[in-house]
Amino acid sequence: MVRRTVSVVVAAVLALGAAGCVSLPLIGEEDTSAEALGILERAQAAMEGVESIAFTMKLAGDMDGQRLSLRLKGGAYVAGERAGEMAFTLRADAPSLGVPALTMQAVAKDGSIAIDSGEGWQVLPGETIEPKDLELLGSGFGQLDIAAYVTGLSVERSTTFLGEPVTKLGATLKMRDLLGAALAQAADELGSLGLADLPDEVLGSLGDMRVVIYVSETTGLIKAVHESFTIEQDGHALALTVDLVVDSVNEAIELPDAPL
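The following paragraphs examine the structure supplied in this document. (Residues numbered from 1 in each chain as written. Predicted model: local features only at pLDDT ≥ 70, side-chain atom pairs only at ≥ 80, totals over all residues. Heavy atoms only, no water.)

## A look at the side chain of Glu227
Here Glu227 is to be found in strand β10 (residues 222-233). Buried charge without a partner: Glu227 forms no salt bridge, and the closest opposite charge is Arg210, 12 Å away. (Helix = DSSP H or I, 4+ residues; strand = E, 2+ residues; numbered from the N terminus. Buried < 20%, exposed > 50% of the residue type's maximum accessible area, 1.4 Å probe, protein only. Lys, Arg positive; Asp, Glu negative; His and termini not counted. Salt bridge = Lys/Arg side-chain N within 4 Å of Asp/Glu carboxyl O.)

Written out as structure tokens, the structure reads:
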């Protein structure tokens, strides 16, 4: 049940991101809320001039002293003639579980995706997910009053992230209530993923999510996002953290020589 819960929550969080919920911190003191909204709107406007992004994402989990980690590093073209092309390397480790490390490369181009886990490239059947598909998955979230599920808004200016001046936005998201309402709204779109009717014990296992967004005071772009939350079920607590860092923008993304 714990494994199924984690899979369901990860898929639902991906759909939440597809709804454009980076603008979550819209509640709290009126002045603070307006300030946060203005910062995020400027970040969205700055993204209109971006064609490519290089990024690093790290996921870490700990349950009963058993640790796992996943690191994904790569880049993608998000606009322009090469929009949709991307490449990344994934490394997964779970030493305390006795599971050997896994390293995999992936590349997407012309609507297809190929992977190499050490035994040569294999082209996956079918088509990759298009942006319109992600928008469809997120439609149920977009219909909600997101502000009703957010607390603890904070704005901290003139701090730094990896030496770069940034503004730090923080908020706490009531995941249990938000996902329950959003999945009910998006039942038709999410039904194929098995998310339309989550058992009460799955939703009941979710703790609040703390979200921190770092916005560059130099470029106006989002520099990094940190998320942390806990899933409690069957007497076990799984603590998860996700860190996404934008390494660069508008630089060439090198694609491996895959048979696409």
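There is more to say, and it comes next.
## Some remarks on the nonpolar core
Residues Leu169, Leu173, Met209, Ile213 and Val215 are the most contacted members of the largest nonpolar core, which totals 23 residues. If you list the elements that add at least two residues to this core, you get α2 (30-47), β7 (150-161), β8 (164-173), α5 (175-185), β9 (209-216), β10 and β11 (236-249). Setting aside its immediate chain neighbours within four residues, Val215 contacts Ile39, Ala43, Pro165, Val166, Thr167, Leu169, Gly220, Leu221, Ile222 and Lys223. (Core = buried A, V, L, I, M, F, W, Y, C linked by side-chain atoms within 4.5 Å. Contact = heavy atoms within 4.5 Å.)

## Focus on the environment of Leu240
In this structure, Leu240 sits in strand β11. With residues up to four places along the chain from it excluded, the contact list for Leu240 reads Leu59, Ala60, Gly61, Glu227, Ser228, Phe229 and Ile231.

## Overview of unusual backbone geometry
Here the phi dihedral of Asp110 falls at roughly 55 degrees; this positive angle occurs in a residue that is not glycine. Assignment of secondary structure puts Asp110 in the loop between β4 (99-109) and β5 (112-116). One non-glycine residue, Ser158, lies in positive phi territory at about 55 degrees. Looking at where Ser158 falls in the secondary structure, it is placed in strand β7. Ser158 sits in the exposed class, given a relative accessible area of 64%.

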